[in-house]
Amino acid sequence: MAAFSIFKGVFRSARVCRNYEHPVEGLASQFGLHKQLFCTRPVQDDCTVSYLVRSCGLSPESATLVSHKVKLRSLEKPNSVLALLKLYGFSDTQISTLVCRHPYVLVANAQKTLLPKLEFFSSIGISRLDLARTLTSNPVILMRSLENFIVPCYNFLKSVVVSDVKVVSAWKHSLWIFKANLSKNVIPNTQILRELGMPESCIALLITYYAHSVMGKPDLFSQLVGQVQQLGFDPHKSSFVQAMHALSRKGTTWKRCQQAYRSWDWSDNDILSAFKLFPLCMTKSEKKIMETMDFLVNKMGWHSHKIAKYPHVLCYSLEKRIIPRCSVVKVLLLKGSIKEENLSLATVIKVPDKYFLSCFVTRYLDSVPELLNVYHGKLEVDKWSVALFYIFGKSLGSAHPMFSSLLYRHQAFAVAASHFGRRFISSSIIPAAQDDPTLSYLISSCGLSPKAATLASHKVKLRSLEQPNSVLALLRGYEFSDTQIATLVRRRPKLILVDAKKTLLPKLEFFSSIGMSRLDLAKIMTYNPNLLLRSLENCLIPCYNFLKSVVISDVKVVIILKQNSWIFVENLSKNVKPNIRLVTELGMPHSALALLVACFSKIVKRKPEFFSQLVRQVEEMGFNPGNVNFVQAMGEFFRESLTVLFIMSCYIKLALTISCNSILMATGLRLVEEETNMQQQPASERTGGSERTSYAHFPCCFDRPVKPNCRSN
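These numbers come from a predicted model, not from an experiment. Residue indices begin from 1 for each chain and proceed along its sequence in written order. The predicted nature of this model means local features are confined to residues of pLDDT at least 70 and side-chain atom pairs, given and counted, to a pLDDT of 80 or more, with totals for whole chains, interfaces and linings taken over all residues. The side-chain values count all of the structure's non-hydrogen atoms but skip hydrogen atoms and water molecules.

Undergrad: I keep staring at the packing of helix 36 (residues 572-585) against helix 37 (residues 590-599) and nothing clicks. Help me out?
TA: When two helices pack together, their arrangement is given by the angle between their axes and by how far apart the axes lie. Note on method: axes are straight lines fitted to C-alpha atoms, helices fitted across the in-contact stretch only, with angles between N-to-C directions ranging 0 to 180 degrees. Counting from the N terminus, the helices are the DSSP runs of H or I reaching at least four residues and the strands are the DSSP runs of E reaching at least two. Between helix 36 and helix 37, the least distance of the axes is 11 Å, while the angle of their chain directions is 150°. The orientation of helix 36 relative to helix 37 falls into the category roughly antiparallel. Once helix 36 is placed against helix 37, the crossing between them reads as right-handed. When helix 36 is examined against helix 37, the residues Ile580, Val583 and Thr584 are found in contact with a partner set consisting of Leu593, Leu596 and Val597. Amino acid classes used here: Ala, Val, Leu, Ile, Met, Phe, Trp, Tyr, Cys and Pro are nonpolar; Asp, Glu, Lys and Arg are charged; the rest, including Gly, are polar. Its residues assigned to classes, the contact of helix 36 with helix 37 comprises 5 nonpolar, 1 polar and no charged. The labels follow the angle: roughly parallel below 35 degrees, roughly antiparallel above 145, roughly perpendicular from 65 to 115, and oblique for the rest. Should the near helix be turned anticlockwise from the far one by less than a right angle, the crossing is termed left-handed; should it be turned clockwise, right-handed. Contacts are assigned to residue pairs with any non-hydrogen atoms lying within 4.5 Å of each other.

Now the structure itself:
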């Protein structure tokens, strides 16, 4: 009976194995690893997996997956491939990564297929280190035809960038161009740039460092070039190429950069101005922007709008360039060797190392011997500031009382004194903490820079620390970071005087109750601290109730709050409600209303007269208010109307005479006029009907794509 039970279990296991493509997988999923003994894998699969694990360094799981793609009938080819890769400096890790990504390389002919390509790449100057690194990340190139693909691509690149050195640079930065269809996309796109008059040096820059921008379809590429031209960039300058690179990535990266800059009080005009000065500022990561701005604004005390005038500084390394140089400048300001009004971000950060060392370090080494250590990071600036005061201020304080007072009031020393001054400096020398406790609290507890703290102290005076401490404790309890608290207090200093439990806590609890995470809550309140100062009963809750009646769910209300928090501080009854009522009466669905409120709030906040006129124009174009593209068309009409007004005002200021038709042609507003002309023609002579139909179905395809996630001010 026991033997029969065992046989029955084995038979059931065999049935399970038969129901799976791979018996071991089915058996393991049903009975566990120990019962794999009752199923057998093909011997060839076992050999392949064993070889991949033993010789290629793959994990058993990865080897099992790879064995489904490639079957090793003999080990001659795989051994010769691995020997060739190791000869060319591929490490064991790189070989295992390459085999995981493209296992077919193991069954290639090492001498006839791989070796000629490796020799060719080496002959044009690519080092074995770079060759191994790039081919590991993109091994498909090894399977491309040398004569029909790789060599023609090299010849084209050589004709553009002239030298093999730049071809190697293109290989390092834009390896994907060796896989692109040159005749279909790249060559026509470069021809478009030549017709614009772009010099070969700029085309070489584009191909070498920003090749992805030129690999798109020609029609999309021509639209990209047109957008860059409309922004006023000169095709003869390298900034045109950088702007193309930035706009080609106009998606999540662009929106994150916008949100990061807006969190530092940059307006849309500031962002556009900085983009025109240095287009690559819109390609940096959010972390890079926030860290650099935090140091320059909160640590150095420079205004954020000043940085908008010198956006080039955002491309430099914070640790290797910005902090060492600013530390030197901080010490020189403290010593009184230089004056802040004579400084600019360009002279501090943008100049070459040789010039900076001669102007700010070598020149002052006699008076400040430790300056070189500060530059190399061997001495912390704050502690050096205190030590400098302790050495000179205490000894000179009795003879020259003004010395200690002036030294303390200096920005660089104020930061240091707030953290270290009590250890070294007696109250008889510096009574500033008692003289201005507000300034001291804003620096030490709120994290403001001395300059920002001075400005904030003009707006708020602390009579006791009970309320400020409770406010900061509440914010930290809701996971506000130190940087966010500093930014929030800098924007609204009066916030630290409110009652934390009666005023702030109910609002924070309310926003949390509708489904907003603490991370989003901290970001939104830092960006728009006015929300914390608005009445909960008279402003926030009525606004929430109205939005919920429009978009139905709390989830969509939270999305609106993320995208456009300013709608919670608007006068709804004056503009927003009448405008929403108008489109609701036209039959606009809740989904379209949600899109209108969340992504096109600038339109909803306009006066009802303007809004109704805009709606009427969109209706005359034949759009159905019941469709979402009605909202998109409203966005296009609104944006282009602002563009026309801007261009007309510019021409008026320049005292130029230009016809309205020329302005409309320059901005692309030809649709209404063409529609009128088409209606006057006989039906048999009408052309462009498909174009109008395309516009009516999807208006955004005729201009820049609508940015549904951009935040409106």
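Still more to cover.
Undergrad: Got a minute to help me understand helix 34 (residues 536-551) in this structure?
TA: An α-helix turns once per 3.6 residues; consequently, residues spaced three or four apart project the same way. Regarding helix 34, the residues found buried are Leu536, Cys539, Leu540, Cys543, Tyr544, Phe546, Leu547, Val550 and Val551. Buried residues in helix 34 make contact with helix 31 (500-513), helix 33 (530-533), helix 35 (554-563), helix 36 and helix 37. At the N-terminal boundary of helix 34, the capping side chain belongs to Ser535, with an oxygen 3.2 Å from the backbone nitrogen of Asn538. Following helix 34 by one or two positions, Ile552 adopts a phi angle in the positive range, close to 75°. For every residue, the accessible area obtained with a 1.4 Å probe (protein chains only) is divided by the maximum for its type, and the residue is called buried under 20%, exposed over 50%, and partly exposed between those limits. Two N or O atoms count as a polar contact when they lie within 3.5 Å, although within protein this holds only if one can serve as hydrogen donor and the other as acceptor, and sequence-adjacent residues are included solely when both atoms are side-chain atoms.

Undergrad: In this structure, what is going on with the confidence of the model for the protein? I would like to understand it.
TA: When pLDDT drops low, the exact placement of atoms in the prediction is not to be read closely. Confidence of the predictor in every single residue is expressed as pLDDT, which spans 0 to 100. The pLDDT averaged across the protein works out to 75; a share of 75% of its residues lies at or above 70. The spread of mean pLDDT over the elements of the protein runs between helix 2 (residues 23-31), the lowest at 36, and helix 5 (residues 76-87), the highest at 92. Ignoring residues within four places in sequence, the model shows residues 1-43, a span with pLDDT below 50, making 28 contacts including any to other chains. Of the regions scoring below 50 in pLDDT, residues 383-435 engages in 62 contacts with residues more than four places distant in sequence or in other chains.

Undergrad: Just to check I follow, could you spell out the environment of Cys359 for this structure?
TA: Inspection of the secondary structure assignment puts Cys359 in helix 21 (residues 353-361). Classification of Cys359 as buried rests on a relative accessible area of 15%. Along the chain, Cys359 and Val348 lie 11 residues apart, while their C-alpha atoms are 9.7 Å from each other.

Undergrad: Before we go on, may I ask you to explain the packing of aromatic side chains in this structure?
TA: Where two aromatic rings form a pair, the distance of their centres and the angle of their planes describe that pair. Classification of ring pairs rests on two measures: the distance between centres of Phe, Tyr or Trp rings, Trp counted by its six-membered ring, which must be within 6.5 Å, and the angle between planes, read as stacked under 30 degrees, edge-to-face over 60 and tilted in between. Evaluated as defined, the whole model comprises 9 aromatic pairs. Arranged with centres 5.6 Å apart and planes meeting at 80°, the rings of Phe233 and Phe275 form a pair that is edge-to-face. Linking Phe233 in the loop between helix 13 (218-230) and helix 14 (238-248) with Phe275 in helix 16 (residues 268-277), this pair joins segments that are 42 residues apart in sequence. Considering the side-chain rings of Trp254 and Phe275, the 5.2 Å spacing of their centres and the 70° angle between planes classify their relative orientation as edge-to-face. Here Trp254, found in helix 15 (residues 252-262), pairs with Phe275, found in helix 16; they are 21 residues apart in sequence, far enough to count as distant. Each member of the pair, Trp254 together with Phe275, is buried. Counting every residue linked through ring pairs, the aromatic cluster contains Phe120, Phe121 and Tyr154. Sitting over the face of the ring of Tyr88, Arg128 holds its NZ or CZ atom 4.3 Å from the ring centroid. A ring is considered to have a charge above it if a Lys NZ or an Arg CZ atom is located within 6 Å of its centre and within 35 degrees of its normal. Geometry around Phe149 places Arg144 over its ring, the cationic atom sitting 4.5 Å from the centre.

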